[in-house]
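A structural walkthrough
Residue-level listing of the chains:
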Amino acid sequence: NYEQGELLTRYTFDPAAERELIRRTLDVYRQVCGRDARGWLSSSLRSTPNTPDILAENGLLFFCDYMNDDQPYLISTPSGPIVNVPYTIEVNDFTFFHRRAMTTWDAARMLKDQFDELYREGAESARLMNIGLHPHVSGHPHRMPCFRDFLSHAKSRSDVWWTTREQVADWYLKNCRDHIAGQG
């Protein structure tokens, strides 16, 4: 949603109202950005069991509310498939700076450790590393060394794909057709 005052969970038992809120949000996105949205991250990560289907019905390619994996995967809905491109609240500036009170350098170490482990696991099957960042949390000058340090570490690996969620979802649909019923 484009504002966090109206959460989708308010409409768990009213799919028509949820559908309308999603439609209004997609309309605002189109007006502001000049193109249709291709993906969705619900405000406060609060979606309903109906959300993936409503998004697929509206032609969206990916959904980011589920945090249960380090790889994208397909969600089958009555309106067609939609790719879950995972988000995280664990590797998220609000969590590590505000909830856990990490220092800049604690956060840099945690980001590097996360990257290194996913890189090792990715040798057999690709992994996605997401870092949730918010300008009002990470946008302070004293936090920039953390991210410069992490990016320098991660960029030292020449075989890492620096991409967008949209590109991940496109790649998944092109390369993992066998996961889509009747399209393998």
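This text follows the structure it describes.
Spatially, the four strands line up as an open sheet ordered 1-2-4-3, and their pairing is mixed. The open sheet has two edge strands, strand 1 (39-40) and strand 3 (73-75), and neither has a second partner. As paired strands, strand 3 and strand 4 (residues 82-84) are joined by three bridges and run antiparallel to one another. Residue pairing across strands places leucine 74 opposite valine 83, the latter belonging to strand 4.

Further remarks concern the state of the cysteines. A full pass over the atoms with the stated rule returns zero disulfides. Free of any disulfide, cysteine 64 has its nearest neighbouring cysteine sulfur in cysteine 33, separated by 15 Å. Taking relative accessible area as the criterion, cysteine 64 reaches 3% and is therefore assigned buried. Left unpaired, cysteine 176 is separated from the closest cysteine sulfur, that of cysteine 64, by 17 Å.

Here we take up the packing of helix 4 (residues 104-121) against helix 6 (residues 144-155). When two helices pack together, their arrangement is given by the angle between the helix axes and the distance between those axes. Remark: helix 4 packs on helix 6, axes separated minimally by 8 Å, with the N-to-C direction vectors making an angle of 20°. Between helix 4 and helix 6, the crossing angle belongs to the class labelled roughly parallel. Pair helix 4 / helix 6 crosses with right-handed handedness. Residues Thr104, Trp105, Ala107, Ala108, Leu111, Lys112, Phe115 and Asp116 of helix 4 pack against Pro145, Cys146, Phe147, Asp149, Phe150, His153 and Ala154 of helix 6. Partitioning the contact of helix 4 with helix 6 into residue classes produces 10 nonpolar, two polar and three charged.

Let us look at unusual backbone geometry. The phi torsion of most residues other than glycine is negative, and most of the peptide bonds are trans. For serine 44, which is not a glycine, the phi torsion comes out positive at approximately 55°. Following the sequence through the fold, serine 44 ends up in the loop between strand 1 and helix 2 (51-57). Looking at serine 44, the relative accessible area reads 35%, which means it is partly exposed. Phi at leucine 45 takes a positive value of approximately 60°, unusual for a residue other than glycine. Relative to the elements of secondary structure, leucine 45 occurs in the loop between strand 1 and helix 2.

Counted according to the given criterion, the structure contains 13 salt bridges. With a closest N to O distance of 2.9 Å, aspartate 27 and arginine 30 form a salt bridge. Of this pair, aspartate 27 and arginine 30 both sit in helix 1 (residues 15-33), separated by three residues, roughly a single helical turn. Its relative accessible area of 38% is what places arginine 30 among the partly exposed residues. Close ionic contact of glutamate 90 with arginine 100 constitutes a salt bridge, the shortest N to O distance being 2.9 Å. Taken as a pair, glutamate 90 in the loop between strand 4 and helix 3 (93-99) and arginine 100 in the loop between helix 3 and helix 4 lie far apart in primary sequence, 10 residues in all. A relative accessible area of 43% means that arginine 100 is categorised as partly exposed.

In this structure, the largest pocket spans a volume of roughly 1000 Å³. For the lining of the largest pocket, the elements supplying multiple residues, two or more each, are helix 4, helix 6 and helix 7 (165-175). Tallied by class, residues from the lining of the largest pocket come to 20 nonpolar, six polar and three charged.

Procedures and definitions
Residues numbered from 1 in each chain as written. Predicted model: local features only at pLDDT ≥ 70, side-chain atom pairs only at ≥ 80, totals over all residues. Heavy atoms only, no water. Pairing = 2+ DSSP bridges. Helix = DSSP H or I, 4+ residues; strand = E, 2+ residues; numbered from the N terminus. Disulfide = S-S within 2.5 Å. Buried < 20%, exposed > 50% of the residue type's maximum accessible area, 1.4 Å probe, protein only. Axes fitted to C-alpha atoms, helices over the stretch in contact; angles between N-to-C directions. Parallel < 35°, antiparallel > 145°, perpendicular 65-115°, else oblique. Left-handed = near helix turned anticlockwise from the far one by under 90°. Contact = heavy atoms within 4.5 Å. Nonpolar A, V, L, I, M, F, W, Y, C, P; charged D, E, K, R; others polar. Salt bridge = Lys/Arg side-chain N within 4 Å of Asp/Glu carboxyl O. 1 Å grid on protein atoms, 1.4 Å probe; cavity = no way out; pocket = protein on both sides within 12 Å on 5 of 7 lines; lining within 4 Å. Points joined across faces, edges and corners; volume = space filled by probe spheres on them.

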